Amino acid sequence: MEDVEETLRALLLLALAGDSEAYAVFLTQSGARLRAYFRRRLSTSPNEVEDLVQETLLALHNRRHTYEAAQRLTPWLYAIARYKLVDLLRAQSPRRRVEVSLDDEDGASELQPADVSPAESQRDLLKLLETLPDRHRLPIVLVKIEGRSVAEAATATGMSESAIKVGIHRGLKKLAAEASKRR
Amino acid sequence: MKTDALIAMLARGHPGAPPRAVDRRLGTTVAAAFALALIVVLGTLHPRADLGAAVQLPMFWWKLAVPLVLVALSFAAARRLACPGQRAGSAVALGAALLALLWAVAAADVVSAPGASRRALVLGHSALPCVALIAVLALPVLAALFVALRNLAPTRLRAAGAAAGALAGGIAAAAYALHCDEMALPFVAIWYVLGMAIPAGLGALLAPRWLRWA
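Residues numbered from 1 in each chain as written. Chains lettered and ligands numbered in written order. Predicted model: local features only at pLDDT ≥ 70, side-chain atom pairs only at ≥ 80, totals over all residues.

## Examining the overall build of chain A
In step 1: The number of helices and strands found in chain A is eight helices and zero strands.
In step 2: Counting the 183 residues in chain A, one finds 42% classified as buried.
In step 3: In chain A, of all internal contacts separated by at least 6 residues, the share reaching a separation of at least 24 is 65%. (Helix = DSSP H or I, 4+ residues; strand = E, 2+ residues; numbered from the N terminus. Buried ≥ 20, exposed ≤ 12 C-beta atoms within 10 Å, placed from the backbone. Contact = placed C-beta atoms within 7 Å.)

Right, here's the structure in full:
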């Protein structure tokens, strides 16, 4: 158990210092834990699991600046997972008060085995990306999907380099918001 | 989009994030809110006429200390609650203990005062405007803090909303204290506390809806 905490924490700290390979490993390993976590709790709607894994990965990415090195990592990770799960359950039954407490589990006891066999996601984030305005969509497509540099994307679009960076940042937040809206 | 493709997309480029983002985001908002509250109080309500003489008196500083202690404690709580997996921490217990102390001292003040002056100690001459102005002044601060928190990641929404509201109330009350010329501790212990409690309650009430992030 401690191994998972230490491994993931070391990976995220490397990522926050700018190591994108460590970040990919962090997201992959976190994704496997999240999949197991959600699969156990969404036994009645297994189709939602992979969507929720993707949404939570997007949330981890957009909120990664709220991880503080002095804190344990797994409580941070599972607090976000639980928050996303409650959001989904509320959306499924808006009239019924969902009795999932955000406070009663401390995360460390939540450590799940990894689940490395993703199901098909129901929602296609790429299609959702198409609905974003150009100023958000183009920077994400050019830099984050096609792998071009920020400078190349700026030349290709006529946007400034800072507008490209802001577009990626805001666009990924917008994408997360749209994804949680369209359930 | 497959999950592996999403991970590749998120990891591509420089994933770094500036350190101490939470402190900087909330700290900037608090500093701006203080500046705004001071401008409003000094510009529209005006500082109390005897400010120069009042700063010589200990009570002036006690009256200022009450909201400033709340600012310090609720900032500590809010910055923790802005991060997933953290609780409000020791600030809540410390705040409750200090509030009990404030009330005990204020009650002793009232009890030891001659009967005829007790009413004035408690009610002063500006109880209603004090409560109303602190609460109203706190509203824009609360809105700004909500915007800041939504860019962080609170997962205990009601607690985070209450902490933001208490912080907003403390900032508003500290600025208002420069205008207010009441000089009795019981007055502060009742009406300042009530004025600061209103935004705190409002924050907790609005949080589930307005602090929600995706």
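Now, onward.
## Overview of the overall build of chain B
In step 1: Looking only at helices and strands, one finds nine helices and zero strands in chain B.
In step 2: If one aligns the C-alpha atoms of chain B with their principal axes, the spans along those axes are about 75 × 35 × 25 Å.
In step 3: Taken across its 214 residues, chain B has 46% of its residues classed as buried.
In step 4: Expressed as a percentage of contacts within chain B between residues at least 6 apart in sequence, the contacts between residues at least 24 apart total 85%.

## Side note on the interface of chain B and chain A
In step 1: Facing the 26 residues of chain B at the interface are 41 residues of chain A.
In step 2: Those elements that place two or more of their residues in the side of chain B that touches chain A are helix H1 (3–11) and helix H2 (21–45) of chain B.
In step 3: Here the side of chain B that touches chain A takes seven residues from H1(B), the largest share from any one element.
In step 4: The class makeup of the residues in the side of chain B that touches chain A is 17 nonpolar, seven polar and two charged. (Nonpolar A, V, L, I, M, F, W, Y, C, P; charged D, E, K, R; others polar.)

## A word on the domain arrangement of chain A
Residue and element names in this part refer to chain A.
In step 1: Domain assignment breaks chain A into domain 1 (1–122) and domain 2 (123–183).
In step 2: The interface is formed by 12 residues belonging to domain 1 together with nine residues belonging to domain 2.
In step 3: A per-element tally of the side of domain 1 that touches domain 2 places helix H3 (residues 48–62) first, with seven residues. (Domains from an automatic or database assignment.)

## Some remarks on the nonpolar core
In step 1: Membership of the largest hydrophobic core comes to 120 residues, with the highest contact counts inside it found for Ile134(B), Ala160(B), Ala163(B), Leu167(B), Ile171(B) and Ala172(B).
In step 2: If one sorts the elements of this core by residue count, helix H8 (residues 157–176) of chain B sits on top with 15 residues.
In step 3: Residue contributions to this core reach at least three from each of two domains, namely domain 1 (1–122) and domain 2 (123–183) of chain A. (Core = buried A, V, L, I, M, F, W, Y, C linked by C-beta atoms within 7 Å.)

## Things to note about the packing of H3(A) against H1(B)
A pair of packed helices can be characterised by two numbers: the angle between their axes and the separation between those axes.
In step 1: One can describe the packing of H3(A) onto H1(B) by two numbers: an axis separation of 10 Å at closest approach and a directional angle of 5°. Classified by the angle between their axes, H3(A) and H1(B) sit roughly parallel to one another. Counted together, Glu50(A), Val53(A), Gln54(A), Leu57(A) and His61(A) of H3(A) and Thr3(B), Leu6(B), Ile7(B) and Leu10(B) of H1(B) form the full contact between these two elements.
In step 2: Across the contact of H3(A) with H1(B), the residue classes break down as five nonpolar, three polar and one charged. (Axes fitted to C-alpha atoms, helices over the stretch in contact; angles between N-to-C directions. Parallel < 35°, antiparallel > 145°, perpendicular 65-115°, else oblique.)

## Thoughts on the confidence of the model for chain B
All names here are of chain B.
In step 1: Counting all residues, the mean pLDDT for chain B is 96, and 100% of those residues have values of 70 or more.
In step 2: Mean pLDDT values over the elements of chain B span from 93, in helix H6 (residues 115–123), up to 98, in H8.
In step 3: Predicted complex, confidence summary: ipTM 0.92, pTM 0.93. (pLDDT = per-residue confidence, 0-100.)

## Digging into the environment of Ala116(B)
Residues and elements named next belong to chain B.
In step 1: Mapped onto the elements of the fold, alanine 116 is located in helix H6.
In step 2: With 7 C-beta atoms counted inside 10 Å, the residue alanine 116 sits in the exposed group.
In step 3: On a C-alpha basis, the gap between alanine 116 and glutamine 86 in space is 50 Å, while along the polypeptide they are 30 residues apart.

## Some points on helix H5 (residues 91–112) of chain B
Along an α-helix, residues three or four positions apart point the same way, because every turn accommodates 3.6 residues.
All names here are of chain B.
In step 1: Taking 1.5 Å of rise per residue, the 22 residues of H5 would be expected to cover 32 Å, and the 31 Å separating its terminal C-alpha atoms lies within 8% of that figure.
In step 2: Within the span of H5, buried status applies to Ala91, Leu102 and Ala106. Along the long axis of H5, the arc covered by the buried residues comes to 35°, so they all point the same way. For H5, the exposed residues lying more than 90 degrees away from the buried face are Ala93, Ala96, Ala97, Ala100, Leu101, Ala104, Ala108, Val111 and Ser112.
In step 3: The secondary structure elements touched by the buried residues of H5 are helix H4 (58–81) and helix H9 (185–210). (Expected span 1.5 Å × (residues − 1). Arc of directions from axis to C-beta.)

## Brief notes about the environment of Ala173(B)
In step 1: Checked against the element boundaries, Ala173(B) lands in helix H8.
In step 2: Sequence separation between Ala173(B) and Val193(B) is 20 residues, and the spatial gap between their C-alpha atoms is 8.9 Å.

## A few points about the packing of H4(B) against H8(B)
Residues and elements named next belong to chain B.
In step 1: Running from amino to carboxyl end, H4 crosses H8 at an angle of 155°, the nearest separation of the two axes being 8 Å. Taken as axis vectors, H4 and H8 run roughly antiparallel relative to one another. Relative to H8, H4 is oriented so that their crossing is left-handed. On the side of H4, the interface is formed by Leu64, Pro67, Leu68, Leu70, Val71, Ser74, Phe75, Ala77, Ala78 and Leu81, while H8 contributes Ala159, Ala160, Ala163, Ala164, Ala166, Leu167, Gly169, Gly170, Ile171, Ala173 and Ala174. (Left-handed = near helix turned anticlockwise from the far one by under 90°.)

## Here's the deal with unusual backbone geometry
All names here are of chain B.
In step 1: Backbone geometry at arginine 20 places phi at a positive 55°, although glycine is not the residue there.
In step 2: Secondary-structure assignment places arginine 20 in the loop between H1 and H2.
In step 3: In this structure, histidine 46 takes a positive phi of about 70° despite not being glycine.
In step 4: Relative to the assigned elements, histidine 46 resides in the loop between H2 and helix H3 (51–54).
In step 5: On the basis of neighbour count, histidine 46 is assigned to the exposed category, with 11 C-beta atoms found within 10 Å.

## Considering H4(B)
In step 1: Compared with the 34 Å implied by 1.5 Å per residue over 24 residues, the 34 Å span of H4(B) between its first and last C-alpha is a close match.
In step 2: By the largest-angle criterion, Ala65(B) marks the main kink of H4(B), which is about 25°, and a proline, Pro67(B), follows within four residues. (Bend = angle between axes of the 7 residues up to and from the residue.)

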